[in-house]
Amino acid sequence: MFFAFTYYMLDREEKGNATSSAAVALTVCIGAILPEVPVRLMDFRETLPSMPIPVGECIAVVLARCCYTEKRPVVYALTIVVMLLLCIFGVNAWEAFCNR
């Protein structure tokens, strides 16, 4: 979802004005993380198992920016591979880390 939203916003901003792609990606990342900060600060240990969610959102934003700026099939293929690896192995590794 964040990948598609970031890609859409990058496309929209390129057509509208001269905002840099880094600024758009940073804004989306901050907008994704900022609402979670108060909850995580109040009870960090209890929110630790859900930490991969904002990390995954930021990775999706960075990958969307890479795909948008490069626009090469190799970059799209690598993005798909990275996302699949994170979905398959990243969540299991994080769960094992939290349960030890």
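Preceding this section is the structure that the text describes.
Anyway, here's the lowdown on the structure attached to this text. (Residues numbered from 1 in each chain as written. Predicted model: local features only at pLDDT ≥ 70, side-chain atom pairs only at ≥ 80, totals over all residues. Heavy atoms only, no water.)

**Thoughts on unusual backbone geometry**
Glycine aside, residues mostly have negative phi angles, and peptide bonds mostly take the trans form. Our working definition: Helical segments are the DSSP runs of H or I of at least four residues, strand segments are the runs of E of at least two, and each set is numbered from the N terminus. Think of it in three bands: residues with accessible area under 20% of the maximum for their type are buried, residues over 50% are exposed, and the middle band is partly exposed, with areas taken using a 1.4 Å probe on protein chains only.
Positive phi is not limited to glycine here, since Lys 71 has a value of about 55 degrees. Position of Lys 71 relative to the elements: it lies in the loop between α5 (52–70) and α6 (73–98). Lys 71 gets classed as partly exposed once you look at its relative accessible area, which sits at 46%.

**With respect to the packing of aromatic side chains**
Stated precisely, the cut-off is as follows: Aromatic pairs are defined between Phe, Tyr and Trp rings, using the six-membered ring for Trp, whenever the two ring centres lie within 6.5 Å; interplanar angles under 30 degrees are classed as stacked, those over 60 as edge-to-face, and all others as tilted. A ring has a charge above it when a Lys NZ or an Arg CZ is no more than 6 Å from the ring centre and no more than 35 degrees off the ring normal.
By the definition in use, this model includes three aromatic pairs. Between the aromatic rings of Tyr 7 and Tyr 68, the centroid separation amounts to 5.1 Å while the plane-to-plane angle is 80 degrees, which identifies the pairing as edge-to-face. Within this pair, whereas Tyr 7 is found in helix α1 (residues 2–16), its partner Tyr 68 is found in helix α5, the two being separated by 61 residues in sequence. Geometrically, the ring pair formed by Trp 94 and Phe 97 is tilted, given 5.1 Å between the ring centres and 35 degrees between the ring planes. Here Trp 94 pairs with Phe 97, and both are found in helix α6, just three residues apart, close to one helical turn. Each member of the aromatic cluster is reached from another via a ring pair, and the members are Phe 3, Tyr 7 and Tyr 68. Between the NZ or CZ atom of Lys 71 and the centre of the ring of Tyr 68, over which it lies, the distance is 4.3 Å.

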